[in-house]
Amino acid sequence: VQLVESGGGLVQPGGSLRLSCAASGFTFSRYGMSWYRQAPGKEHELVASITSGGASTNYRDSVKGRFTISRDNAKNTVDLQMNSLKPEDTAVYYCFGRIALKDYWGQGIQVTVSS
């Protein structure tokens, strides 16, 4: 199983970024996927999740209305569109999947929101 994130970087407050996670090594369409983040000195927190078919999504309250999680089961990718970014969104973002009862994480990608 491999999860590889891309798309992070530095953005000004109010700006947008799109993160993408490319998955391989398992039948992607059978599993729900999630994005987590970890800010300096803080615990990992769940940002958004999506079911295997993409019909259902969930978000933490602080990102509702600003972030959108989506997936493409033909391309084995799960994306996180982040709009109206705030400095408190600054963190390392991780793609996550619980595959066959084992937890897998991507390497993480830095998102910095600063003027």
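Above this text is the structure in question.
Only a predicted model underlies this, so the values are computations on that prediction, with no experimental measurement involved. (Residues numbered from 1 in each chain as written. Predicted model: local features only at pLDDT ≥ 70, side-chain atom pairs only at ≥ 80, totals over all residues. Heavy atoms only, no water.)

Quick notes on the pairing of strand E5 (residues 45–50)
And then number 1: Relative to E5, strand E4 (residues 33–38) runs antiparallel, the two being bridged by five bridges. Pairing of Arg37 across the sheet is with Glu45, part of E5.
And then number 2: Where E5 meets strand E6 (residues 57–59), three bridges bridge the pair, whose relative direction is antiparallel. Along E6, the bridge assignment pairs Ala48 with Tyr59. (Pairing = 2+ DSSP bridges. Helix = DSSP H or I, 4+ residues; strand = E, 2+ residues; numbered from the N terminus.)

Notes on the sheet that holds strand E1 (residues 2–6)
And then number 1: With antiparallel pairing, four strands are arranged side by side in an open sheet as E1-E3-E8-E7. If you trace the sheet from one side to the other, it starts and ends with E1 and strand E7 (67–72), each paired once. In this sheet, neighbouring strand axes are inclined to one another by 15 degrees on average, regardless of whether the strands run parallel or antiparallel.
And then number 2: Sheet analysis places E7 next to strand E8 (residues 77–82), joined by six bridges and oriented antiparallel. Among the inter-strand pairings, Arg71 is bridged to a residue of E8, identified as Val78. (Axes fitted to C-alpha atoms, helices over the stretch in contact; angles between N-to-C directions.)

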